[in-house]
Amino acid sequence: MRSEPSALLLRWFAQNARPLPWRKNYDPYEVTVSEFMLQQTQVDTVLPYFERWMRRFPDLKALAAADEAEVVKLWEGLGYYSRARNLLKAAKAMVEEGYREPPEDVEKLLSYPGFGPYTAGAVASIGRNRPVAAVDGNVERVTARFCNLEDPAGSPGLKKTVTKIVLELIPKGEARAFNQALMELGALVCLPKNPKCDECPWKKLCIARQLGVQALRPLPKRRPETLKTDAWAVLCLWKGACLLRKRPAKGLWANMWEIPWFARRTENSRSDIADWARGEGFECFSFDERGSVRFSFTRHQVNAWFVVCSLKGISPLLKAKIKTEEWGLFSVEEMASLTLPSPSRKCLSLLETTRYTW
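Asks: Explain the overall build of the chain to me, and be specific about the residues and the numbers.
Replies: Of regular secondary structure, the chain possesses 16 helices and seven strands. Of all 358 residues assigned to the chain, the portion counted as buried reaches 50%. Excluding contacts between residues fewer than 6 apart, the proportion of contacts in the chain whose partners are at least 24 apart in sequence is 67%. For the chain, the computed accessible surface area is about 18,500 Å², with 51% contributed by carbon and sulfur atoms. Distance from the positive charge centre (54 side chains) to the negative charge centre (41 side chains) of the chain: 2 Å.

Printed below as a string of structure tokens:
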């Protein structure tokens, strides 16, 4: 038996659902791929990546047999590369355990890399129609306004309350449609700013709207202070090859090759970069400043001045670092095949726009 809110929402969804590719058959594997890609990424951005991914890895077995480098390369441009690595690790684990598609049990899904409560709930409910909640930012916002909840966005208290409300509203046998309807309503109508209340199927039931506080729900997230850093990004050249640094095995842009960057101490590129290079075991000359690039990660905002230099030979210390793959020398052609972090790709784009001649 559908409650009035559930009936209104499902009727709206039937008329307004976007024709997304993973909604054609609700294949659990396709739903899983889409959910990993949609983490912190807009639908329009994801669509071409999803189509390419499914052509290359059409099922769980094909993905489990893949090489990490190919997976990460196919993901290039979506960012947050740990999602791609976790998706691959999860696929390998599932296949090793005998699954042909992602399992339907939420607790089992939570045992795999990359599966948090939302992703597990989404895969179980959308891929399998299991009666579980899938609470993302859209669902939090819609429910907080509908019930006039006063907890801050993203807080444990809000997630707990919203999950309870969603579970009470899901009609029997309709978890797939209901959870997607909530997400769709948040994506298309119940927007973070300037919600389209006149188009909402819950406009007569929404408590926050009745009180005129819909724009104030949920309460703002308590955000940590942003840390701003000025930096140098340095591309060192030697005999037509580019010197790149390898990121640590864990953390931000794990195991990826990058154009190295470090915090500025002064505005003198020659002095700062020369000191930094000596600390790394090499010397450079011919400092060619090409402009600046901006990038962000976690709480950090970085403004990096991009400088192209030349190496004075390969020292024993640098040779040792290259041998252990802490550093590497790559031709321009080889760099095109690498999966580079966003800051490095921005630096290379700057070279193109300033018509740099290799």
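Asks: Account for empty space enclosed by the protein, with residues named and values stated.
Replies: This model, assessed by the stated rule, comprises two cavities of 30 Å³ or more. A volume near 130 Å³ is recorded for the largest cavity. Every residue lining the largest cavity is counted, 15 residues in all, and those nearest its centre are R145, C190, C197, C200 and C206. Top contributing element to the lining of the largest cavity by residue count: helix 9 (residues 137-147), with three residues.

Asks: Describe in detail the layout of surface pockets, supporting the description with residues and values.
Replies: Taken as a whole, the second largest pocket spans an internal volume of roughly 280 Å³. Looking at which element gives the most residues to the lining of the second largest pocket, the answer is helix 16 (residues 342-353), with five residues. Grouping the constituent residues of the lining of the second largest pocket by class yields nine nonpolar, one polar and four charged.

Asks: An account of the packing of helix 2 (residues 28-38) against helix 6 (residues 82-96) is needed here, citing residue identities and associated values.
Replies: The interhelical angle for the contact between helix 2 and helix 6, taken along N-to-C directions, is 155 degrees, at an axis separation of 9 Å. For the element pair helix 2 / helix 6, the angle class is roughly antiparallel. Like other packed secondary-structure pairs, helix 2 and helix 6 cross with a definite hand, here right-handed. Counted together, T32, V33, F36, M37 and L38 of helix 2 and R83, N86 and L87 of helix 6 form the full contact between these two elements.

Asks: Residue-level account of the side chain of E280, with values.
Replies: Among the secondary structure elements, E280 is positioned in helix 13 (residues 269-280). Since its relative accessible area comes to 19%, E280 is described here as buried. With near-sequence residues (within four places) excluded, E280 lies in contact with L317, K321 and W327.

Asks: Can you lay out the pairing of strand 2 (residues 241-246) for me, pointing to particular residues and giving the numbers?
Replies: With five of six residues buried, strand 2 lies mostly within the body of the structure. Relative to strand 2, strand 1 (residues 227-238) runs antiparallel, the two being bridged by three bridges. Within strand 2, the residue paired with W238 across the bridge is A241. Alignment of strand 2 against strand 7 (residues 327-331), held across five bridges, turns out to be antiparallel. Opposite R245, over in strand 7, you have W327 as the bridge partner. As judged from the two bridges shared by strand 2 and strand 3 (residues 257-258), these two strands associate in the antiparallel manner.

Asks: So what about the packing of aromatic side chains? Which residues, and what values?
Replies: For the structure shown, the criterion picks out 17 aromatic pairs. Ring geometry for W257 versus F330: centroids 5.0 Å apart, planes at 65 degrees, classification edge-to-face. Of this pair, W257 sits in strand 3 while F330 sits in strand 7, placing them 73 residues apart in sequence. The same class applies to W257 and to F330, which are both buried. By way of ring pairs, the aromatic residues W253, W261, F295 and F297 are connected into one cluster.

Asks: Talk me through the nonpolar core; I want residue IDs and the actual numbers.
Replies: Counting 64 residues, the largest nonpolar core has M37, W53, L63, W75, F115, L244 and F306 as the members making the most contacts within it. The biggest single contributor to this core is helix 6, with seven residues. Excluding residues that lie within four positions of it along the chain, F306 makes contacts with A233, L235, I259, D288, E289, R290, G291, S292, C347, L350 and L351.

Asks: Could you give an account of the environment of F297, with specific residues and numbers?
Replies: Tracing the backbone shows F297 in strand 5 (residues 284-297). For F297, a relative accessible area of 17% corresponds to the buried category. Aside from chain neighbours lying at most four places away, what touches F297 is L252, W253, W261 and V302.

Asks: Just give me the short version of the pattern of salt bridges, but keep the residues and values in it.
Replies: Pairs may arise between side chains of opposite charge once their charged atoms sit close together. On inspection of all chains with the given rule, the structure shows 21 salt bridges. A salt bridge links E76 to K73, with the shortest nitrogen-to-oxygen separation between them at 2.7 Å. The exposure class of K73 is partly exposed, given its relative accessible area of 29%. Here E140 and K159 are joined by a salt bridge, their closest N and O atoms 3.2 Å apart. Here K159 lies in helix 10 (residues 156-169) and E140 lies in helix 9, a separation of 19 residues in the sequence. The class for E140 is buried, based on a relative accessible area of 5%. Each member of the salt-bridge network shares a partner with another, and the members are R265, D272, D275 and R278.

Reading guide: rules and limits
Residues numbered from 1 in each chain as written. Predicted model: local features only at pLDDT ≥ 70, side-chain atom pairs only at ≥ 80, totals over all residues. Heavy atoms only, no water. Helix = DSSP H or I, 4+ residues; strand = E, 2+ residues; numbered from the N terminus. Buried < 20%, exposed > 50% of the residue type's maximum accessible area, 1.4 Å probe, protein only. Contact = heavy atoms within 4.5 Å. Areas by Shrake-Rupley, 256 points an atom, 1.4 Å probe, with all protein chains shown as cover. Lys, Arg positive; Asp, Glu negative; His and termini not counted. Charge placed at Lys NZ, Arg CZ, Asp CG, Glu CD. 1 Å grid on protein atoms, 1.4 Å probe; cavity = no way out; pocket = protein on both sides within 12 Å on 5 of 7 lines; lining within 4 Å. Points joined across faces, edges and corners; volume = space filled by probe spheres on them. Nonpolar A, V, L, I, M, F, W, Y, C, P; charged D, E, K, R; others polar. Axes fitted to C-alpha atoms, helices over the stretch in contact; angles between N-to-C directions. Parallel < 35°, antiparallel > 145°, perpendicular 65-115°, else oblique. Left-handed = near helix turned anticlockwise from the far one by under 90°. Pairing = 2+ DSSP bridges. Phe/Tyr/Trp six-rings, centres within 6.5 Å; stacked < 30°, edge-to-face > 60°. Core = buried A, V, L, I, M, F, W, Y, C linked by side-chain atoms within 4.5 Å. Salt bridge = Lys/Arg side-chain N within 4 Å of Asp/Glu carboxyl O.

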